[in-house]
Amino acid sequence: MTSRISLLSSTALAAAAIVFAGAPSSAASLDALEKRVKALEKAGAGKSVSRSKKTMKLTVSGHLNRMVQLVDNGVNSEVRHTTNQQSRSRVRWVGTGKLTDDISVKTLIEFGNSDAISSGQSVQAAEVNGGTFDTRHIDLQLTSKSMGKLYLGHGSDAADGAMGSTDLSGTLVALSGAGDEDLTFGGENFVNAAGTVILRSGAAADEYDGTREDRIRYDTPSFGGFKGMISHANDDTVAFGMRYGGSFSGLKVKAHVSRINNEANAQRDVTSAAVGILLPMGLSVQVAAGERDLDTTGREDPTMMFYRVGYRFKGSEMGETRLAISYSENEDLNTDGDKLQTTSVAIVQIIEPLGSELYASYNNVDLERTGVVGIEDIDVFSVGMRVRF
């Protein structure tokens, strides 16, 4: 779009006319103003301020996700108001354009908000408020239909989203991708009957997924439903992934296998795999597993197993209703002999007129630790809503 000084002068004259319309000296004032504008136009020698031909389209989107929780650590309880870390509030700016008929360009800038984030709160502590916005994605993406996709910047590595990508229950706003329910309550502490803190719950749980970081990443084109991924990040972290997606006679299947290698970090070699199946009737099953190679003498390698059963149906004119129940086990993550068991149920109601989801969930979290008795369970009830824009 071209913006010329003459347009500015016209605007100025119009504004002046409104301002001076009721004044006795309005004519003299307008004459003086018009002479001044003409002098400025002459001084500009007819030059204009412009930009090159527009080639990129900008789209702004995001969502707000808030929930109310009732949390009981077995000794004390409280009601709290949080941002749901399973899918925290965010805003994004996406630029899209075409370089050639084969190559498209995308820029992604996304910031997330952590106001009273659910994964950081505890009954025993005051509100943890990370209310500022922080970076989720600052990314340049080049996509070729024939050669694949290249990512440059801060964003998902080749293993990120490995677990959640195989969920076909549609309940990720209320439950984790696999075994990471601590995003809902991870700041809560396990205590004994006397209220003595044993361990922060989030320190005993992991879904062995990838992460967002500064990296370069390449995805191959899809071949028969299979797609390969590789990324390199700072600290010489290399991640590999292989995804599959396909349908057979109405049966939908998604699978992902990933590996993260970091020779400089004894805790960063991670292997994970997950598969999800959706039947035509709306019933879904997901199974996931992960292991971390600690490369530490005398330490057991931590492991995770996760299972989810879901059911989705059109139960309302508002949109689809989704139900799910899940169970996960994390072993040896914080200390050898630790066993964290999480049982969760959730319901998600799609509200199509608003592009929103209303959801509720319940989590029961149990920790077993060698030589420690009387550890209280943690119970978490959550109700929330995610509104997209």
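Residues numbered from 1 in each chain as written. Predicted model: local features only at pLDDT ≥ 70, side-chain atom pairs only at ≥ 80, totals over all residues. Heavy atoms only, no water.

Focus: the overall build of the protein chain
Then comes step 1: Scanning the protein chain from N- to C-terminus turns up three helices and 21 strands.
Then comes step 2: Every one of the 389 residues in the protein chain was classed for burial, and the buried ones make up 43%.
Then comes step 3: In the protein chain, 59% of the contacts between residues at least 6 apart in sequence involve partners at least 24 apart.
Then comes step 4: Taken as a whole, the protein chain presents about 19500 Å² of accessible surface, with 59% of it coming from carbon and sulfur. (Helix = DSSP H or I, 4+ residues; strand = E, 2+ residues; numbered from the N terminus. Buried < 20%, exposed > 50% of the residue type's maximum accessible area, 1.4 Å probe, protein only. Contact = heavy atoms within 4.5 Å. Areas by Shrake-Rupley, 256 points an atom, 1.4 Å probe, with all protein chains shown as cover.)

Some points on the pattern of salt bridges
Between side chains of opposite charge, pairing is possible as soon as their charged atoms come close.
Then comes step 1: Scanning the entire structure with this criterion turns up 18 salt bridges.
Then comes step 2: Sharing partners across several salt bridges, the network here consists of R90, R92, E110 and R136. (Salt bridge = Lys/Arg side-chain N within 4 Å of Asp/Glu carboxyl O.)

Let's talk about the nonpolar core
Then comes step 1: Ranked by internal contacts, the top residues of the largest apolar core, which has 14 residues, are M163 and A288.
Then comes step 2: Elements with a contribution of two residues or more to this core: β15 (269–278) and β17 (303–316).
Then comes step 3: If we ignore the near neighbours within four places in the chain, the residues touching M163 are G177, A178, E207, Y208, D209, S272, A273, A274, Q286, A288, A289 and M304.
Then comes step 4: In this structure, V123, A204, L340 and V365 belong to the second largest nonpolar core, which totals 13 residues. (Core = buried A, V, L, I, M, F, W, Y, C linked by side-chain atoms within 4.5 Å.)

Considering a negative patch on the surface
Then comes step 1: A contiguous patch of negative charge, built from E263, E291, D293 and D295, is present on the exposed surface.
Then comes step 2: On the accessibility criterion, D295 (66% relative accessible area) is exposed. (Patch = residues over 30% accessible without salt bridge, like charges linked within 9 Å, V, L, I, M, F, W, Y side chains within 5 Å. Lys, Arg positive; Asp, Glu negative; His and termini not counted. Charge placed at Lys NZ, Arg CZ, Asp CG, Glu CD.)

Some words on the environment of T271
Then comes step 1: In this structure, T271 sits in strand β15.
Then comes step 2: A relative accessible area of 34% means that T271 is categorised as partly exposed.
Then comes step 3: Sequence-distant contacts of T271, that is, excluding residues within four places in its chain, are made with S258, R259, A289, G290 and E291.
Then comes step 4: Within the structure, the side chain of T271 is placed 2.6 Å from the side chain of R259, a separation counted as a polar contact. (Polar contact = N/O pair within 3.5 Å; in protein donor to acceptor, adjacent residues only side chain to side chain.)

Quick notes on the packing of aromatic side chains
Then comes step 1: Taken as a whole and assessed by the stated rule, the structure comprises four aromatic pairs.
Then comes step 2: Ring centres of Y311 and F313 lie 5.3 Å apart, and the angle between their planes is 25 degrees; on these two criteria the pair is classed as stacked.
Then comes step 3: Taking the relative accessible area as the measure of exposure, Y311 reaches 35% and is therefore partly exposed.
Then comes step 4: R217 extends its terminal NZ or CZ atom over the ring of Y151, reaching a point 4.5 Å from the ring centre. (Phe/Tyr/Trp six-rings, centres within 6.5 Å; stacked < 30°, edge-to-face > 60°. Lys NZ or Arg CZ within 6 Å of the ring centre and 35° of its normal.)

Quick word on the pairing of strand β10 (residues 197–200)
Then comes step 1: Judged from the three bridges that link them, strand β9 (residues 189–191) and β10 form a sheet pairing that is antiparallel. By the bridge assignment, F190 is partnered in β10 with L199. (Pairing = 2+ DSSP bridges.)

As for a nonpolar patch on the surface
Then comes step 1: On the surface, V275, I277, V285, V287, Y307, V309, I325 and V345 cluster together to form a nonpolar patch covering roughly 570 Å² of accessible area.
Then comes step 2: Those elements that provide at least two residues to the nonpolar patch are β15, β16 (283–293) and β17.
Then comes step 3: The topology assignment puts V285 in strand β16.

A closer look at the pairing of strand β20 (residues 356–368)
Then comes step 1: Where strand β19 (residues 339–351) meets β20, 13 bridges bridge the pair, whose relative direction is antiparallel. If you follow Q341 over to β20, its bridge partner there is D366.
Then comes step 2: Pairing of β20 with strand β21 (residues 378–388), which is carried by ten bridges, proceeds in the antiparallel orientation. Note that in β21 the partner of V365 across the bridge is I378.

Some words on the environment of N65
Then comes step 1: Inspection of the secondary structure assignment puts N65 in strand β3 (residues 57–72).
Then comes step 2: The buried category is assigned to N65, whose relative accessible area is 0%.
Then comes step 3: Spatially, the C-alpha atom of N65 lies 8.8 Å from that of T82, the residues being 17 residues apart in sequence.
Then comes step 4: If we ignore the near neighbours within four places in the chain, the residues touching N65 are T82, T83, N84, S87, S89, V173, Y359, M385 and R386.
Then comes step 5: Separated by 2.6 Å, the side chains of N65 and Y359 make a polar contact.

Let's talk about the environment of G315
Then comes step 1: Tracing the chain through its elements places G315 in strand β17.
Then comes step 2: The spacing of G315 and I350 is 35 residues in sequence and 9.9 Å in space, taken between C-alpha atoms.

Topic: the confidence of the model for the protein chain
Then comes step 1: For the protein chain, mean pLDDT is 88; residues scoring 70 or higher make up 85% of the total.
Then comes step 2: Within the model, pLDDT remains below 50 along residues 1–26, and this stretch shows 21 contacts once partners closer than five positions in the same chain are excluded. (pLDDT = per-residue confidence, 0-100.)

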